[in-house]
Amino acid sequence: MKLIFLGPPGAGKGTIAQRVTDDLGVVQISTGDLLRAAVAEGSDLGKEAKGYMDSGELVPDTLVIDLLKARILKDDCANGFILDGFPRTIPQAEALNQAGVPIEKVINFVVADELIIHRLSGRRIHKATGKIYNVNPDGVPQPPADMDPSELLQRDDDQAEAIANRLVVYADQTEPLIGYYKATGLLVDIEASQQIDLIIADVKQAVGA
Ligand code: AMP
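Residues numbered from 1 in each chain as written. Predicted model: local features only at pLDDT ≥ 70, side-chain atom pairs only at ≥ 80, totals over all residues. Heavy atoms only, no water.

> Lay out the side chain of Q92 with the relevant residues and their values.
Counting through the fold element by element, Q92 comes out in helix α5 (residues 90-98). Discounting residues that sit within four places of it in the chain, Q92 has contacts with D61, V64, I65, F86 and P87. (Helix = DSSP H or I, 4+ residues; strand = E, 2+ residues; numbered from the N terminus. Contact = heavy atoms within 4.5 Å.)

> Tell me about the site of the ligand, and please be specific about residues and values.
Around the ligand sit 16 residues, and of these T31, R36, E57, G85 and Q92 come closest. Interatomic distance of 2.9 Å between a side-chain N/O atom of R36 and an oxygen atom of the ligand. Note that a nitrogen atom of the ligand is positioned 2.9 Å from one of the side-chain N or O atoms of Q92. A per-class count over the shell around the ligand returns six nonpolar, four polar and six charged. (Near = heavy atom within 4 Å. Polar contact = N/O pair within 3.5 Å; in protein donor to acceptor, adjacent residues only side chain to side chain. Nonpolar A, V, L, I, M, F, W, Y, C, P; charged D, E, K, R; others polar.)

> Which residues make up the packing of helix α4 (residues 61-72) against α5, and what values go with them?
At a minimum axis distance of 10 Å, the contact between α4 and α5 shows a crossing angle of 35°. Crossing geometry of α4 relative to α5 is assigned as right-handed. Residues D61, V64, I65, L68 and K69 of α4 lie in contact with α5, whose contacting residues are P91, Q92, A95 and L96. Grouping the amino acids of the contact of α4 with α5 by side-chain chemistry returns six nonpolar, one polar and two charged. (Axes fitted to C-alpha atoms, helices over the stretch in contact; angles between N-to-C directions. Left-handed = near helix turned anticlockwise from the far one by under 90°.)

> Before we move on, can you summarise the sheet that holds strand β7 (residues 152-153) with the specific residues and values?
The three strands lie next to each other as β6-β5-β7, forming an open sheet whose pairing is antiparallel. With partners counted over all chains shown, the strands left at the sheet margins are β6 (132-134) and β7, one partner each. Two strands pair when backbone bridges link them, and strand β5 (residues 123-126) and β7 are joined in this way by two bridges, in the antiparallel orientation. Residue pairing across strands places H126 opposite L152, the latter belonging to β7. (Pairing = 2+ DSSP bridges.)

Have a look at this one:
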């Protein structure tokens, strides 16, 4: 099963992907995670990507397309994958097409900007595992009570200024993909402001799991 999770930053794509991969028997591929790993390693790709990422801009298509194509060739992708955060532009979607990757469904996470800003401000990443938590009083999932807060990292691009820019970038460059995939008949809208278990149920129903 090969799926695309589409939607604005903070819609819950990564959190939901982490929660459904086991049940669906697929892996999560987050180009954001791959790029952050490249930055942490200090590779040439990481050095080139960092400035774009910190300001909330998109990393150039050619870099991300090569990265994604290499990743989906790995053995663990044999049973399928969820693309979380790719494609983010029409040229990226076309590259996926040209690579002959058969996508079964595109799940479009629909959520209002105010909720996105609230969610992203509370988002934290567990340094050791990459697991996503939310420290807002109403945030889910909450970090375990015994977790030392110093183990949790706030992403540079989850600061207010970068969030605002990421929403503009999303509207300009990524939102056109909704029409693109609607035209293919693959798009399913999911209401992403619901409680997390309801979102997961909707996603599973949409993919027939
Ligand atoms: P994410 O973790 O998906 O929010 O991605 C974090 C950042 O990585 C984005 O704001 C972009 O700078 C970059 N990025 C991730 N995926 C892509 C992509 N498909 N195309 C271009 N840039 C990307």
